[in-house]
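Examining the three-dimensional arrangement
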Amino acid sequence: MPSERSDVVIVGGGIAGFVTAYYLTREGVSCVVVERDHVASHASGFAYGGIGHLGSSGSPGPNHSVAALSAALHAELKEVLADENDIDIEYRTKPVISLAFTDEEAQAVKANLAWQELEIGTPARWADLQDVLEIEPRINPAVIGAIITEGNTNLHPQRLTLALARVTERQGMTIRTGTVTGIRREHNRVTAVTLADGEIATGRVVLAAGPWIGQMSEWLGVNIPVQPLKGQILRLWASGPPVPGSISWSSQYATSKPDGLLWTGTTEEEEGFDETTTEEARSEIMASVTHMLPYTADARVVMQTACLRPVTPDKALLLGPVPGWEGVYLATGGGRQGIFLGPGIGRVTTDLVVGNPPSAPIDGLTLDRFA
């Protein structure tokens, strides 16, 4: 017989798991978060931490409603976490400077300009070469212009997740270290989560284990098409003042963080569950950052990290119940925007678990779209 019991068991100790636990415990629901390693030990601990609608997996698109919800919830969580004086989540608002070096790139960055202002109220404008260099004279003068987007935020993903975990523990959540090996059910209703060293009796389970959720298909007898997308990031020491904003070009970025380093990346690699850093990725990232900011050619690499983001075949979120399993829910698929989308994922998942209408529509984000 199971020796432990909880209203809800959440599998995965990253941003999606802890935000879900945060909102569930506020509803008076007891939660256990099961994590194989430690809090924010994978993507949530090594992500970039950009908070905004822009991005390769952002809006417009199927994630838009959850993204809009997340933007509002991040602002609320910032106030909640402000009391954790010894954990500064480094919530900073700064402009995004999206560079264009060719006419084709200029057309691409301008494509969402009207949508950004009308749909999400984000002030954005086109800036020519002279305007761009007035903002940051160290940008490559080969640029023909940029979109300047105001109101985007940057934060420290690992500290955000750690602070959330601490606040949620005070609300009654329990963190359980262990390896989940399966899920039990009776008449399609989940009854327990099995671990390598025991069981936890429960009637509801949230799978928030990032790309590892795909490996749970065998337990569930349902194909869950989630795969890992490896991303590597460099943290550089470069001489001179901080960069005044987040510089982006195509899928690459560079921004100064409060640690005094320039964070830059990233790669998109289909390498399975390999989380090792590589020289090839370092060279690729350095080539991109020196193209954007030539002064970084002499920068020193202080740290190189790699993480695995969960992605679906259509690059959209994967939320909602698992067919054939009453009480089992999916909370994954954030890809490169997992930190940004985390609060929306957690809020919507909480709504589904407690039986409330979801705070954002999830049409097109459920598993049945892959049937």
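For the structure itself, consult the block above.
In what follows, the accompanying structure is described.

Helix packing geometry: the angle between the two helix axes and the distance between the axes. For the pair helix 3 (residues 64-81) and helix 7 (residues 157-170), the least separation of the axes is 11 Å and the interaxial angle reads 65 degrees. The angle between helix 3 and helix 7 falls in the class roughly perpendicular. When the axes of helix 3 and helix 7 are compared, the crossing they make is left-handed. Two secondary-structure elements touch here, helix 3 through His74, Leu77, Val80 and Leu81 and helix 7 through Leu160, Ala163, Leu164 and Val167. Of the residues belonging to the contact of helix 3 with helix 7, the class tally is seven nonpolar, one polar and no charged.

When you line up the elements, Arg347 lands in helix 10 (residues 338-354). Among the polar contacts listed, one links the side chain of Arg347 to the side chain of Glu27, at a separation of 3.3 Å. With residues near it in sequence (within four places) discarded, Arg347 still touches Tyr23, Glu27, Leu69, Leu73 and Ser359.

Whenever strands of a sheet pair, they do so through backbone hydrogen bonds, lying parallel or antiparallel. Taken together, the four strands give an open sheet; going across it, the order is 1-11-10-9, and neighbouring strands pair in mixed fashion. Each end of this open sheet is capped by a strand with a single partner; those strands are strand 1 (4-5) and strand 9 (180-186). Bridge count between strand 10 (residues 189-195) and strand 11 (residues 198-201): four bridges; the pairing is antiparallel. In the sheet register, Val193 faces strand 11, and the bridge partner there is Ile200.

We now examine the pairing of strand 15 (residues 252-256). Most of strand 15 sits inside the fold, with five of its five residues counted as buried. Along strand 15, one buried face is formed by Gln252, Ala254 and Ser256 and the opposite face, lined by Tyr253 and Thr255, is buried too. The pairing of strand 14 (residues 246-249) with strand 15 spans four bridges and is antiparallel. The residue of strand 15 that forms the bridge with Trp249 is Gln252. Hairpin connection between strand 14 and strand 15: a loop of two residues separates the two successive antiparallel strands, and Ser250 in this loop has a positive phi of roughly 55 degrees. Of the strand pairs in this sheet, strand 15 and strand 16 (residues 262-265) are connected by four bridges, and their pairing is antiparallel. Within strand 16, the position partnered with Ala254 by the bridge is Thr264. Between strand 15 and strand 16, which pair antiparallel and follow one another directly, the connecting turn spans five residues, one of which, Gly260, has a positive phi of 85 degrees.

Moving on to the pattern of salt bridges. The full count for this structure, using the stated rule, is 17 salt bridges. Two residues, Arg138 and Glu136, come together in a salt bridge whose shortest N-O distance is 2.9 Å. We classify Arg138 as buried; its relative accessible area is 19%. One salt-bridge network, held together by shared partners, links Glu84, Asp86, Arg166 and Arg170.

The topology assignment puts Glu84 in the loop between helix 3 and strand 5 (92-100). Separated by 2.4 Å, the side chains of Glu84 and Arg170 make a polar contact. Residues within four places of Glu84 in sequence aside, it is in contact with Ala163, Arg166, Val167 and Arg170.

Thresholds, definitions, all that
- Residues numbered from 1 in each chain as written.
- Predicted model: local features only at pLDDT ≥ 70, side-chain atom pairs only at ≥ 80, totals over all residues.
- Heavy atoms only, no water.
- Axes fitted to C-alpha atoms, helices over the stretch in contact; angles between N-to-C directions.
- Helix = DSSP H or I, 4+ residues; strand = E, 2+ residues; numbered from the N terminus.
- Parallel < 35°, antiparallel > 145°, perpendicular 65-115°, else oblique.
- Left-handed = near helix turned anticlockwise from the far one by under 90°.
- Contact = heavy atoms within 4.5 Å.
- Nonpolar A, V, L, I, M, F, W, Y, C, P; charged D, E, K, R; others polar.
- Polar contact = N/O pair within 3.5 Å; in protein donor to acceptor, adjacent residues only side chain to side chain.
- Pairing = 2+ DSSP bridges.
- Buried < 20%, exposed > 50% of the residue type's maximum accessible area, 1.4 Å probe, protein only.
- Salt bridge = Lys/Arg side-chain N within 4 Å of Asp/Glu carboxyl O.

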